Each structure stands twice: as structure tokens, then as C-alpha cells.
Amino acid sequence: TFFQLGIGFVGNPRGGINRISNESGEFMFSQSFWVDKTNDALSTPVKVNLQAKSNYYPETNGVFLHVESDFEVSMTGDFNIVVYAIENERIAPQIVGVEDVEDYHHHNIHRGNVFGETWGRSVASGEISAGTKVVTNFSYEVPADLNNENMHFFIYVYDKETYEILQVIKHEF
């Protein structure tokens, strides 16, 4: 769905920075724009501060994840939270160029969304005052071949209208 929006992806190398778009509404830029776009994003004040805590239960391979979204500025809109389960590393076959590499090191493998919703779930909507804190709780059954030592969560809040990512954290548990 996201790529059908006409986001400016015409081929590699192209990349986006926090889904910040240009005047044409494109999110993907050629390599020559990456430094400036990154510097612009890094100089923007934090709008949503994310904090996470978790309780992991190895006997059931389950985790309870508690995420606090602290809105640091007043905003109006619809904002969603997304939590990805990420496998740290896996050694598996991969074609590199024309060569088959049997023991390729894959990193940061998306294993799924914690609650199975592609676009996340609502964390705040309407007029949000600075200082508003929202706690969202999740439960997740870790895949049988993973545990808290070989995976982490990637958590972000984004603006549903613009798709811009407002804050992102990596949570190890």
C-alpha cells in the first residue's frame, strides 16, 4: 500500500528518512540527498518520547511489553504505534550477485508485528496536549526458535496522515 502512494521509489539506490516527504509528496530520495535529509531530521525536536519496559517469561517464551508514549508538544492528528519483532542475526543461504553463499549473516530480520496489524494501532487521536502520556501494553509469544538473547523489538509512533515517523526506539528484553 505504501509504495502505491507514489512515494518516489524508482529504483536503487533510493532511501527515505523517517518518511519525511518533499514538496511533491515523495518519501524516497537519491543518495545525494541523504546527508541533508538526515541532518534535517536530527535537528528536529523530539515530538514523542518513547520508553519501554518488558517482562520476559522463559518458561513460556512469552513477553509483556509496556510502552509509554510521552507527547512532548501539542499536536492534532491521528497517531499510531507499531511494534516489530526483530531477530538479531541468522546464518542462512543467500544469493550475493551471482554467487550462492551458504553461510550468509542476515541481520535485523523482521519476524512480524507484535499484534499482527500492519499499520499499528491508535495511540492518540484528535488534539493532544503537551505532556500527555499514553501507556500501551502488549503481550507476545516469542517464536519457538528465538528468545530474549537473539531478538529485540523495534517500536515507533507515526502520524497517520503524513506517515512521518515521530520517534523510534530499539527495545532489548
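Please read all numbers here as calculations on a predicted model, not as lab measurements. (Residues numbered from 1 in each chain as written. Predicted model: local features only at pLDDT ≥ 70, side-chain atom pairs only at ≥ 80, totals over all residues. Heavy atoms only, no water.)

**Focus: the overall build of the protein**
This is how it is decided: Numbering of helices and strands runs from the N terminus, with a helix taken as a DSSP run of H or I at least four residues long and a strand as a DSSP run of E at least two residues long. Buried residues are those whose accessible area, probed at 1.4 Å on protein chains only, stays under 20% of the maximum for their type, while exposed residues exceed 50% and partly exposed ones sit between those limits. Only heavy atoms enter the contact rule, under which two residues are in contact if any of them lie within 4.5 Å. Accessibility throughout is a Shrake-Rupley quantity obtained with a 1.4 Å probe, and a residue counts as covered only by protein chains that appear here.
The helix and strand inventory of the protein stands at one helix and ten strands. Ordered by position from the N terminus, the helices and strands of the protein form the series β-β-α-β-β-β-β-β-β-β-β. Dimensions of the protein, computed from the C-alpha atoms along their principal axes, are close to 50 × 45 × 25 Å. By residue count, 39% of the 173 residues in the protein fall in the buried class. Put simply, 59% of the contacts in the protein that link residues at least 6 apart link residues at least 24 apart. Accessible surface for the protein amounts to roughly 10400 Å². Of this, 48% is attributable to carbon and sulfur atoms.

**Brief notes about the nonpolar core**
What counts is decided by this rule: Take the buried Ala, Val, Leu, Ile, Met, Phe, Trp, Tyr and Cys residues and link them wherever side-chain atoms come within 4.5 Å; each set so joined is a nonpolar core.
Core analysis: the largest hydrophobic core is formed by 29 residues, its most contacted members being Phe79, Phe153 and Ile155. Listing elements by their share of this core, those giving two or more residues are β3 (48-57), β4 (62-71), β5 (75-96), β7 (121-128), β8 (132-141), β9 (151-159) and β10 (165-171). Element by element, the count of residues in this core is highest for β5, at five residues. The contact partners of Phe79, leaving out residues within four places of it in the chain, are Phe71, Arg121, Ser122, Val123, Ala124, Ile128, Val157, Tyr158, Asp159 and Leu166.

**Re the side chain of His152**
Going by this rule: In the analysis that follows, any N or O atom pair within 3.5 Å is treated as a polar contact, provided that within protein one partner can donate a hydrogen and the other can accept it, and provided that, for residues neighboring in sequence, both atoms belong to side chains.
Here His152 lies in strand β9. A distance of 2.6 Å separates polar atoms of two side chains, one belonging to His152 and the other to Asn88. His152 has contacts with Tyr84, Ala85, Ile86, Asn88, Asn108, Lys170, His171, Glu172 and Phe173, leaving out every residue within four places of it along the chain.

**Regarding the layout of surface pockets**
Condition: Cavities and pockets were defined on a 1 Å grid built from protein atoms only: a cavity is a group of points that admits a 1.4 Å probe but offers it no way out, a pocket is an open group of points flanked by protein on both sides within 12 Å along at least five of seven lines, and a lining residue is one with an atom within 4 Å of any such point. Grid points are joined across faces, edges and corners, and a volume is the space filled by probe spheres set on the points. All residues other than Ala, Val, Leu, Ile, Met, Phe, Trp, Tyr, Cys, Pro, Asp, Glu, Lys and Arg, Gly among them, are scored as polar; the first ten of these are nonpolar and the last four charged.
Of the volumes computed, that of the largest pocket is approximately 240 Å³. Elements supplying a minimum of two residues to the lining of the largest pocket: α1 (34-43) and β10. A per-element tally of the lining of the largest pocket places β10 first, with four residues. By residue class, the composition of the lining of the largest pocket is nine nonpolar, four polar and two charged.

**Examining the packing of aromatic side chains**
Worth spelling out the cut-off: Stacked, tilted and edge-to-face are the three classes applied to pairs of Phe, Tyr and Trp rings, where Trp contributes its six-membered ring and a pair requires centres within 6.5 Å; stacked means planes under 30 degrees apart, edge-to-face means over 60, and tilted covers the rest. Charges are assigned to positions over rings by a cutoff of 6 Å between ring centre and Lys NZ or Arg CZ, combined with an angular limit of 35 degrees from the ring normal.
All chains considered together, the criterion is met by 14 aromatic pairs. Between the aromatic rings of Phe153 and Phe173, the centroid separation amounts to 5.0 Å while the plane-to-plane angle is 25°, which identifies the pairing as stacked. You can see Phe153 sitting in strand β9 and its partner Phe173 sitting in the segment after β10, a full 20 residues away along the chain. Like Phe153, the residue Phe173 is buried in the burial classification. What links up through ring pairs into an aromatic cluster is the set Tyr84, Trp119, Phe154, Tyr156, Tyr158 and Tyr163. A cation over an aromatic ring shows up here: Arg19 above the ring of Tyr158, its NZ or CZ 5.4 Å from the ring centre. The cationic tip of Arg121 hangs over the ring face of Phe115; the distance from NZ or CZ to the ring centre is 4.2 Å.

**Considering the pattern of salt bridges**
We apply this condition: For this analysis, a salt bridge means a side-chain nitrogen from Lys or Arg found within 4 Å of a carboxyl oxygen belonging to Asp or Glu.
A complete count under the given rule lists six salt bridges for this structure. Between Arg111 and Asp145 there is a salt bridge, and its shortest N-O distance comes to 3.2 Å. Of this pair, Arg111 sits in strand β6 (residues 99-113) while Asp145 sits in the loop between β8 and β9, and the two are 34 residues apart along the sequence. Given the relative accessible area of 30%, Arg111 is considered partly exposed. Of the charged contacts in the structure, one is a salt bridge between Arg121 and Glu117, with a shortest N-O distance of 3.8 Å. Overall, the relative accessible area of 28% leaves Arg121 in the partly exposed class. Three or more residues are tied together by salt bridges with common partners; here these are Glu87, Arg90, Arg111 and Asp145.

Functional significance is not addressed by these values, which are geometric in nature.
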